[in-house]
Amino acid sequence: MEIPTGKHLKRCRKSLGLTQTELSQLSGIAQSVIAKVENESVDPRSSTLKKIVDALNRLQFPDQPHIVNDIMVEDLITLFADDTIQSAIDKMIDGNVSQLPVISSSGSPIGLVSESSLLTHGAQTMGSVRSVMQANAVVVNYDVSISEARELLTNEEALLVTKNGRLVGLVSRIDMVRALRDLRDISQ
């Protein structure tokens, strides 16, 4: 992967008709930092470059998914930690889903019940969801990049997506595979 120069970023920004101030708003990077990056008077951190490039890509390729918010499932079936295991099984089967987020009363994610977590605990149907949920489920912010999410999903079944600390969606491996297919369809 080639690292873009400040001059390249400036040409790209101008070709999209953006001012530095507008790019600042889209990327979350201060306008003064963008000016320094474009003038190559500073050696920016990779995270700064990534935010600028991601903002430019979102504008340049608006039909492609760029962040998890673009591909996440929003219509979620959720559980509370005190729900029964049997109700989790019923919701999973009735909803034809493989993962059920577990949320607190405030809507914050606290865990995940998956087919795997249910099977790991045997044929147990008595007890609460708390006893079978994965409390270490990976939680990401809604604006995490697709590439970062794809990397996380190589080791995780699903990612719980939050905005301002509240659960807003879920991205599973199949959601990522669909996004990859959709990217291929767009490029053809």
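Check the entry above for the structure.
Read on for a plain summary of the structure. All figures in this text were calculated on a predicted structure; none of them were measured in a lab.

The rules behind the values
Residues numbered from 1 in each chain as written. Predicted model: local features only at pLDDT ≥ 70, side-chain atom pairs only at ≥ 80, totals over all residues. Heavy atoms only, no water. Salt bridge = Lys/Arg side-chain N within 4 Å of Asp/Glu carboxyl O. Helix = DSSP H or I, 4+ residues; strand = E, 2+ residues; numbered from the N terminus. Buried < 20%, exposed > 50% of the residue type's maximum accessible area, 1.4 Å probe, protein only. Pairing = 2+ DSSP bridges. Contact = heavy atoms within 4.5 Å. Axes fitted to C-alpha atoms, helices over the stretch in contact; angles between N-to-C directions. Core = buried A, V, L, I, M, F, W, Y, C linked by side-chain atoms within 4.5 Å. 1 Å grid on protein atoms, 1.4 Å probe; cavity = no way out; pocket = protein on both sides within 12 Å on 5 of 7 lines; lining within 4 Å. Points joined across faces, edges and corners; volume = space filled by probe spheres on them. Nonpolar A, V, L, I, M, F, W, Y, C, P; charged D, E, K, R; others polar.

Here the structure, examined in full by the defined rule, presents five salt bridges. Linking Glu40 and Lys7 is a salt bridge whose minimum nitrogen-to-oxygen distance equals 3.3 Å. Within this pair, whereas Glu40 is found in the loop between α3 (31-38) and α4 (46-60), its partner Lys7 is found in helix α1 (residues 6-15), the two being separated by 33 residues in sequence. Residue classification places Glu40 among the partly exposed residues on the basis of a relative accessible area of 39%. On the basis of relative accessible area, Lys7 is assigned to the partly exposed category, the value being 48%.

As a further point, take the sheet that holds strand β1 (residues 79-80). Taken in spatial order, the three strands line up as β1-β2-β3 in an open sheet, and their pairing is mixed. A single partner strand is all that each edge strand has here, and the edge strands are β1 and β3 (109-114). Where strand β2 (residues 99-103) and β3 come together, five bridges link them in antiparallel fashion. Its bridge partner being in β3, Gln99 is matched across the sheet by Ser114. Packing against the sheet, helix α5 (residues 85-95) makes contact with β1, β2 and β3, and its axis sits at approximately 135° to β2.

Turning our attention to the pairing of β3. Burial analysis of β3 places five of its six residues in the buried class, the great majority of the element. Here β2 hands over to β3 after five residues, with Gly107 in that stretch at a positive phi of 95°.

If you look at the biggest cluster of nonpolar residues, it comprises 14 residues, and the most contacted ones within it are Val68, Ile71, Val140, Leu159, Val161, Val171 and Met176. Of all the elements in the fold, those that place two or more residues in this core are β4 (138-141), α7 (146-152), β5 (158-163) and α8 (173-187). Setting aside residues no more than four positions away along its own chain, Val140 makes contact with Val68, Leu152, Leu159, Leu160, Val161 and Thr162. Within the second largest apolar cluster, twelve residues are counted, among which are Leu79, Met92, Val102 and Val132.

To continue, consider the sheet that holds strand β6 (residues 166-172). Read across the sheet, three strands follow the order β4-β5-β6 without closing on themselves; strand pairing throughout is mixed. Each end of this open sheet is capped by a strand with a single partner; those strands are β4 and β6. Within the sheet, the average angular offset between the axes of one strand and its neighbour, ignoring direction, is 35°. Both β4 and β5 contribute to a ladder of four bridges, which runs parallel. Residue Val139 lies in a different strand from β5, and its bridge partner there is Leu160.

This part covers the pairing of β6. Of all the seven residues making up β6, five are buried; the element is thus mostly covered by neighbouring parts of the structure. As paired elements, β5 and β6 share six bridges and run antiparallel to each other. Looking at the pairing, Lys163 lines up with Arg166 of β6. The hairpin formed by β5 and β6 contains two residues between the paired strands, and Asn164 there has a positive phi angle of roughly 55°.

Moving on, we get to the layout of surface pockets. To locate leftover empty space, one rolls a probe as large as a water molecule over the atoms. Roughly 280 Å³ of internal volume is contained in the second largest pocket. Around the second largest pocket sit 13 residues that line it, and Ser27, Lys51, Asp54, Arg58 and Asp143 are the ones nearest its centre. Sorting the residues of the lining of the second largest pocket by element identifies α2 (20-27) and α4 as the ones contributing at least two each. Top contributing element to the lining of the second largest pocket by residue count: α4, with four residues. The residue makeup of the lining of the second largest pocket, split by class, is four nonpolar, three polar and six charged.

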